[in-house]
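Next come the chains, spelled out residue by residue.
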Amino acid sequence: MESDEKGRQEGTPAAGSGDDLCPETVTVTTLHEYTALLGPPEPDKIILYRGQAADWPLVPKIARLTPRGREILATEEALLADFKRRALPYLRLSPYGLTDWNWLTIAQHHGLPTRLLDWTTASLTALLFAVGDFSPEQSGSGVVWCYTPNTGDGGDLIDQQY
């Protein structure tokens, strides 16, 4: 297989981060290599993963879709207001008490471009997003990003139920 400009082989996912668990760039070609790289989960350590079909920058969808010169937050605000209005008849829960963050999460789940990036604590879920739609004609590699939040980054809120 050919290697890309970062030394990764085409068609193989890579794990990336500045963390010891997820070295800067590692190429894996099998599920066994991937799980061996990450090792068993540590109950007291939160690690977030994001799988992408290519090595794109970590930029939220709204920033990728908003034309240059247009205010991203203003665009998001207008889209969210429209979503709230249209979603009310379909909600299974009461909209009263929902914050804009709650609404952004619901809206993103339904495909609205927002400033949020999807992350998971499940490394295999991230891998699925990285290689799930891979085809032999595809060039490049799927990528799994790893992030270990520090105290104060919100990582302490991850396991809380809302």
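Thresholds, definitions, all that
Residues numbered from 1 in each chain as written. Predicted model: local features only at pLDDT ≥ 70, side-chain atom pairs only at ≥ 80, totals over all residues. Heavy atoms only, no water. Core = buried A, V, L, I, M, F, W, Y, C linked by side-chain atoms within 4.5 Å. Buried < 20%, exposed > 50% of the residue type's maximum accessible area, 1.4 Å probe, protein only. Helix = DSSP H or I, 4+ residues; strand = E, 2+ residues; numbered from the N terminus. Contact = heavy atoms within 4.5 Å. pLDDT = per-residue confidence, 0-100. Phe/Tyr/Trp six-rings, centres within 6.5 Å; stacked < 30°, edge-to-face > 60°.

A. Spatial organisation of the nonpolar core. In this structure, Val 26, Val 28, Tyr 34, Leu 38, Ile 47, Tyr 49, Ala 126, Leu 127, Ala 130, Val 144 and Cys 146 together form the largest nonpolar core, which totals 11 residues. Where this core is concerned, the elements lending two or more residues are helix 1 (31-38), helix 5 (123-131) and strand 4 (143-147). Counting residues per element, this core draws most heavily on helix 5, which supplies 3 residues. Not counting residues within four places of it along the chain, the set of residues in contact with Ala 130 comprises Gly 51, Gln 52, Ala 53, Gly 142, Val 143 and Val 144.

B. Here's a closer look at the confidence of the model for the protein. Averaged over the protein, the pLDDT score is 78; the fraction of residues at 70 or greater is 74%. Low pLDDT, under 50, characterises residues 1-21; the predicted model gives this stretch 65 contacts beyond four residues in sequence or across chains.

C. Broad picture of the packing of aromatic side chains. Enumeration over the complete set of coordinates arrives at 2 aromatic pairs. Seen from their ring centres, Phe 83 and Trp 103 are 6.3 Å apart, and the 80 degrees between their planes marks the pair as edge-to-face. Taken together, the residues Phe 83 in helix 3 (residues 72-87) and Trp 103 in helix 4 (residues 100-109) connect sequence positions 20 residues apart. According to the relative accessible area criterion, Trp 103 is buried, its value standing at 5%. Centre to centre, the rings of Trp 119 and Tyr 147 are 6.3 Å apart; their planes meet at 55 degrees, and the pair counts as tilted. Placement of Trp 119 in the loop between helix 4 and helix 5 and of Tyr 147 in strand 4 is noted, with a sequence separation of 28 residues between them. Note on Tyr 147: relative accessible area 34%, which makes it partly exposed.

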